[in-house]
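Each chain is listed here by its residues.
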Amino acid sequence: MIPHLHDLLSRVAAFLRRHPPGRRLCVGYSGGLDSTVLLHLLAELRGEFDFHLSAVHVHHGLSPRADAWAAHCRLRCAALDVPLRVERVEVRRAGQGLEAAAREARYRVFSGLEVDALALAQQRDDQAETVLLQLLRGAGMKGLAAMPEERALGSLKLLRPLLDVPREEIEDHARARGWSWVDDESNADTVLRRNAARHHLMPILEDLFPGAVVTLAQAAAQFAESASLLDVLARLDGAATIGPEGLQVARLKELDAARARNLLRHYLELHGIPVQRERLREALAQMLDARWDAQPMVDFGTATLRRFQGQVVLVQLKSMPKPPQDRVGGCSAGTSPARRRRHGTSLFHVNPPAVDARTWPWRGEAELDLGAAGKLCFSAAVGRGVRLPARATVRLRVGGEKLRPVALRPARTLKNLLREAGVPPWLRECLPLIYLDGRLAWAAEIGADAAFQVGPEEAGWLISWRRPE
């Protein structure tokens, strides 16, 4: 065997020892040069490592040659006795670039694979290009860390066995073995940013700074180490200050600006919220500098960051059915988006759903599913709870309701009762309420109206609201 051919096989074998793939290993196989070499190398090593090897080809449908590429992949996999799964996807741009949309479509397929590990064929030049592009995008430390050798992707491991191998060596290996591959014509389209970096920027950098590719790829590992240290610092700074209620504002105020931003970044990432540096600065400033009685809110797309009772709270957004009705949660259907944002819309859609979509009959069951509004749980009791017949109606709050929790006192607005009980504003808007013959009998977070509270020895129901996750 030619020495450098054996060396590449040995390097992949060493990678698999560092990152065991499990019993079911799949290759992301585009048919291009890099994935062709990876497929062949793993096919040679499957006996030594005792894994079942399969491949997946994502058919984006973007090239007139896409069907031919899929046919090529089928032939190569059949020759290697590797089962191939071809997945056709729709690339939905939705305001993003073509590269990002195609990547999103691929990863939707990858995350649904029933395997232990997925091997992708990115190599050292890809890593260098990624670091450069992330620098130009203004990415943070984790973005500059680029692609790791291993990371979790849902329930499977994503592996990159060729990440420290230069593109030139991979091509030499394929040509020496006589392997064939497909060339994607879009790789020459320099309108795409990665291609522009590959064909224009990287050659200039290599001319000015010989070894720039190696340096950039090595920098990714250094950035990854720094990002890990920042996470360690954030965990230390956030110890005993991050809990189910949120992140303590007082702790953010104790830290200098850089450490406070790092802690807030960590809190957001714990909830799966990516954030850019300027957005982070704005969020920290609003949480710390807004008046004591204000309710600052910063939008992060799938969630909002809010401040309540000395805590910074991340409120995930969930949608309710779309509304044809006129009013809900104190906001009319014609209310402006800015007004609706001031009301807060954490667990529920800002627009009012149809009345039918917000009403549920209760017929004595132990648990009533309210969809995006959570669940109500009922348990029978004696001398405690709410007096309910076998049938009642559950509705979501629309505003203006009154309740009389204490028999000798007048009814009060639910709005004031919720405020005094310390219920966060984003939960006040749409709470489940129980009605009997049109009368409000019970409200989540408050309890029963005095007229429906059971007496001694009387049968009743204990009711609890299980909030949405």
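Quick note: structure is the one above.
Because the structure is predicted, anything quoted here is derived from the model rather than measured. (Residues numbered from 1 in each chain as written. Predicted model: local features only at pLDDT ≥ 70, side-chain atom pairs only at ≥ 80, totals over all residues. Heavy atoms only, no water.)

*Asks:* Provide a residue-level description of the pattern of salt bridges, including the pertinent values.
*Replies:* Overall, the coordinates contain 32 salt bridges when judged by the stated rule. Between Arg24 and Asp116 there is a salt bridge whose closest N-O contact spans 3.2 Å. Remark: Asp116 occurs in the loop between α4 (98–110) and β4 (117–119) and Arg24 occurs in strand β1 (residues 24–28); sequence separation between them is 92 residues. We classify Arg24 as partly exposed; its relative accessible area is 38%. Under the relative-accessibility criterion, Asp116 is labelled partly exposed at 26%. Salt-bridge contacts for Arg251 lead to Glu254; the nearest nitrogen and oxygen are separated by 2.9 Å. Remark: Glu254 and Arg251 occur in helix α10 (residues 249–254); sequence separation between them is three residues, near one turn of the helix. (Salt bridge = Lys/Arg side-chain N within 4 Å of Asp/Glu carboxyl O. Helix = DSSP H or I, 4+ residues; strand = E, 2+ residues; numbered from the N terminus. Buried < 20%, exposed > 50% of the residue type's maximum accessible area, 1.4 Å probe, protein only.)

*Asks:* I'd like a rundown of the pairing of strand β2 (residues 52–59), residues and numbers included.
*Replies:* With seven of eight residues buried, β2 lies mostly within the body of the structure. Direction of pairing for β1 relative to β2: parallel, over a ladder of five bridges. What sits directly across from Leu25, in β2, is Leu53. Note on the crossover from β1 through helix α2 (residues 33–49) to β2: the handedness is right-handed. As for the winding sense of the linkage, the β-α-β connection from β2 through helix α3 (residues 66–80) to strand β3 (residues 84–88) is right-handed. (Pairing = 2+ DSSP bridges. Right-handed = clockwise from strand over helix to strand, strands pointing away.)

*Asks:* If you had to explain the packing of aromatic side chains to someone new, which residues and values would you point to?
*Replies:* What the rule picks out here adds up to four aromatic pairs. Measuring from ring centre to ring centre gives 5.3 Å for Tyr107 and Phe110, while their planes differ by 70°; the resulting arrangement is edge-to-face. Here Tyr107 pairs with Phe110, and both are found in helix α4, just three residues apart, close to one helical turn. Grouping residues by exposure puts Tyr107 and Phe110 together as buried. Relative to Trp461, the ring of Trp362 has its centre 5.2 Å away and its plane inclined at 85°; by these criteria the two rings are edge-to-face. One end of the pair, Trp362, is in strand β14 (residues 359–362); the other, Trp461, is in strand β23 (residues 459–466), with 99 residues separating them in the sequence. Three or more aromatic residues joined by ring pairs form one cluster here, namely Trp362, Phe378 and Trp461. Above the plane of the ring of Phe300 lies Arg279, whose end atom (NZ or CZ) is 5.7 Å from the centre. One residue, Arg395, lies across the ring of Tyr435, its end atom 4.7 Å from the ring centre. (Phe/Tyr/Trp six-rings, centres within 6.5 Å; stacked < 30°, edge-to-face > 60°. Lys NZ or Arg CZ within 6 Å of the ring centre and 35° of its normal.)

*Asks:* Which residues make up the packing of α2 against α3, and what values go with them?
*Replies:* As a packed pair, α2 and α3 sit with axes 11 Å apart at the nearest point and diverge in direction by 20°. If you check the angle between α2 and α3, you find them roughly parallel. Two packed elements cross with a definite hand, and for α2 against α3 that hand is right-handed. Contacts from Leu39, His40, Ala43 and Arg46 in α2 reach Arg76, Cys77 and Leu80 in α3. (Axes fitted to C-alpha atoms, helices over the stretch in contact; angles between N-to-C directions. Parallel < 35°, antiparallel > 145°, perpendicular 65-115°, else oblique. Left-handed = near helix turned anticlockwise from the far one by under 90°. Contact = heavy atoms within 4.5 Å.)

*Asks:* Quick rundown of the sheet that holds β14? Include the residues and the values.
*Replies:* Read across the sheet, five strands follow the order β14-β17-β20-β21-β22 without closing on themselves; strand pairing throughout is antiparallel. In the strand order of this sheet, the two ends are held by β14 and β22 (447–448), each with one partner. Here strand β21 (residues 439–443) runs beside β22; their pairing, made up of two bridges, is antiparallel. Paired with Trp442 across the strands is Ala448, a residue of β22.

*Asks:* Please set out the nonpolar core residue by residue, giving values where relevant.
*Replies:* If you look at the biggest cluster of nonpolar residues, it comprises 36 residues, and the most contacted ones within it are Leu376 and Ile434. Val12, Leu41, Cys73 and Leu159 belong to the second largest nonpolar core, which has 35 residues in total. (Core = buried A, V, L, I, M, F, W, Y, C linked by side-chain atoms within 4.5 Å.)

*Asks:* Run through the environment of Gly31, naming residues and quoting values.
*Replies:* Take Gly31: it is sitting in the loop between β1 and α2. Separated by 38 residues in the primary sequence, Gly31 and Trp69 have C-alpha atoms spaced 6.5 Å apart. Residues contacting Gly31, with those up to four places away along its chain left out, are Thr36, His72, Cys73, Trp181 and Val182.

*Asks:* Please give an account of a nonpolar patch on the surface that cites residues and values.
*Replies:* On the surface, Leu135, Leu136 and Leu201 cluster together to form a nonpolar patch covering roughly 280 Å² of accessible area. When you line up the elements, Leu136 lands in helix α5 (residues 124–137). (Patch = residues over 30% accessible without salt bridge, like charges linked within 9 Å, V, L, I, M, F, W, Y side chains within 5 Å. Areas by Shrake-Rupley, 256 points an atom, 1.4 Å probe, with all protein chains shown as cover.)

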